[in-house]
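# Structure at a glance
Chain residues, written in single-letter form:
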Number of protein chains: 2
Amino acid sequence: MNDTTGEFGLIRWIVARSGTHPRVPLGPGDDTAGVLLRGDRQTLLTTDMLLEGSCFLLAEAGALRIGRKAMNVNLSDIAAMGGTPVCALVSVALPRDGGRALGEELYRGLREAGDRFDTPIAGGDTNTWDGGLTISVALVGESSDLGPIRRDGASAGEWIFVTGSFGGSILGRHLDFTPRLAEAAELVRDFHPRSMIDVSDGLSADLWHICEASALGAIVDTDAIPISDDARTLAARTGRTPLDHALSDGEDFELVFTLTPDEGRRMVERASLAGTPVTKIGEMTASTRYHLRRADGTLEVLEPKGYSHPMS
Amino acid sequence: MNDTTGEFGLIRWIVARSGTHPRVPLGPGDDTAGVLLRGDRQTLLTTDMLLEGSCFLLAEAGALRIGRKAMNVNLSDIAAMGGTPVCALVSVALPRDGGRALGEELYRGLREAGDRFDTPIAGGDTNTWDGGLTISVALVGESSDLGPIRRDGASAGEWIFVTGSFGGSILGRHLDFTPRLAEAAELVRDFHPRSMIDVSDGLSADLWHICEASALGAIVDTDAIPISDDARTLAARTGRTPLDHALSDGEDFELVFTLTPDEGRRMVERASLAGTPVTKIGEMTASTRYHLRRADGTLEVLEPKGYSHPMS
């Protein structure tokens, strides 16, 4: 059991690369990790699982990018609460054949993404099997002074803002995005967002999550939606409109948040957070209707389209 | 997206069954959970993944027992640190066909195990794919006044104790065990264990983890090892000895811990924790040798045998 092969070999390899961190007095290698958290803040907990074939194609993406994405999707969830990440747990199911090399490459990607935001890997679980590569990351963070920025905090009349631009993430951004932690930190420092979410399912689907949770509707201005170059490129291939791609593609990992009109005016003037463009795209409404507003003022029903795992 | 089918249908079903908990002001349904933890204790974090075909046979075990086990193996890790569980995150990969019924049954098992130790499910991630059933639980706990009871805290001369009995867990106990949280709580209340681990890989392998981490060896008294009835039943089938099964089968989820001789004498007198028998099985030694001691005093090398995920 002292050898460097098998499950324990990979664990030894990982433990040897785990530095010390002031927040993690006990890192990988024991039954649990030991972590120092503040008692005066809410602890934020989130988990996301990525699955070969369903969430990614290993041959296409490569293990390093998969590892990076697995960490970044969770960091994006912490950003969506206006929080700061503290540390991560990682469990993986690797193929028996070639699992060691794959495990090391995944770990490099996880660390690259985590290190960028001072988020060490505090522990994990390493398995092998005959099935597809599976990676599950659980992330621990802390809320800001404002507490967790939830989906259900919006009020009618608030202005809706987004970071960045939308659509066509499948062309590469869905693997190589930067979680909007710096933007969220600046936002909660200088404003009081009333509700927030990150866009994983799709802009129209995720804004609808805020509407549902807050028991409100929304009007989104068609011309205001920031459409990415990728959405235009993809639209040229698919025959759908760039707007349609922007509203429904998903995996943009941008932030959607609401502000009171007073704070909203200040945000419109500033127009960016941490160097990333911020755009007002509409308003929350007391009716629970969900509408797109064309430039001429006409309204049409907005369908909250986005990805949902099929199941029966 | 308001329907009750697919991923979101199952999430709605789960959210509807999630009660409130004083430690979890924000439960399932947002980007992250919000949890209240004490700032004066180390937070314990652990994760374990169970895989269909590799860790369990779904048809044989049933989803309810798999859910229960997925929670209990993590609770056992918190017990092994002398800690108290607080809440769990659960991510699952379900088959597309029949995933809903399976997901509900898994959830019932997870809740049954969690509720027994006042451990709510604070959040999770639900996916479907063509691969095998995969479930990953991350557990958050808090250490006791003593701090985390680590593997590397043992000293030469300390006495080695175990809860319960060992071997043959494959006959059923590996699915239907009770994590030793009550025993661990009584232990850290009345004693100061210097090192501790739970037995998942196998008694000889897991005690060896303490030896390695503490840079020590151990002598284990053959006649002292509590052998389970299951080990005897299995031995009658396999032709191996009950002792061999007790030392190497694994998944007993009992505790192994060390005490100073002074505290050890007190433990020998008490002979149980929370109603579970506790047995002295040997002593830690300054040499890094690992030995079994027969009744006549002769020593033989003890091989740290147990399960390790194969990988190349």
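Reference entry: report on the structure contained in this document. (Residues numbered from 1 in each chain as written. Chains lettered and ligands numbered in written order. Predicted model: local features only at pLDDT ≥ 70, side-chain atom pairs only at ≥ 80, totals over all residues.)

## Comments concerning the pairing of strand β3 (residues 84–95) of chain B
Residue and element names in this part refer to chain B.
- Of all the 12 residues making up β3, 11 are buried; the element is thus mostly covered by neighbouring parts of the structure.
- Where β3 and strand β5 (residues 134–142) come together, 9 bridges link them in antiparallel fashion. Along β5, the bridge assignment pairs Ser91 with Ser136.
- Taken together, the 8 bridges between β3 and strand β4 (residues 121–129) define a ladder with parallel strand orientation. Bridged to Ala88 within β4 is Ile121.
- With respect to chirality, the unit in which β3 leads through helix α4 (residues 99–116) into the neighbouring parallel β4 is right-handed. (Buried ≥ 20, exposed ≤ 12 C-beta atoms within 10 Å, placed from the backbone. Helix = DSSP H or I, 4+ residues; strand = E, 2+ residues; numbered from the N terminus. Pairing = 2+ DSSP bridges. Right-handed = clockwise from strand over helix to strand, strands pointing away.)

## Observations regarding the sheet that holds strand β2 (residues 43–51) of chain B
- One open sheet holds the 5 strands; their spatial order is β1(A)-β2(B)-β5(B)-β3(B)-β4(B), and the pairing between them is mixed. Two strands in the sheet have a free side with no partner beyond their single neighbour: β1 (33–35) of chain A together with β4 of chain B. Put simply, the sheet's adjacent strands are angled 20 degrees from each other on average, direction ignored.
- Relative to β3(B), α4(B) is tilted by about 165 degrees, and along the sheet it contacts β3, β4 and β5 of chain B. (Axes fitted to C-alpha atoms, helices over the stretch in contact; angles between N-to-C directions. Contact = placed C-beta atoms within 7 Å.)

## As for the sheet that holds strand β5 (residues 134–142) of chain A
- If you trace the 5 strands from one edge of the open sheet to the other, you get β4(A)-β3(A)-β5(A)-β2(A)-β1(B), paired in mixed fashion. Since the sheet does not close on itself, it has two edges, and those belong to β4 (121–129) of chain A together with β1 (33–35) of chain B, each with one partner. For this sheet, the mean angle separating the axes of adjacent strands, direction not counted, is 20 degrees.
- Of the pairings in the sheet, the one linking strand β2 (residues 43–51) of chain A to β1(B) comprises 3 bridges and is antiparallel in character. For A:Leu45, the partnering residue across the bridge sits in β1(B) and is B:Ala33.
- Running at roughly 35 degrees to β5(A), helix α3 (residues 63–79) of chain A makes contact with β2, β3 (84–95) and β5 of chain A of the sheet.

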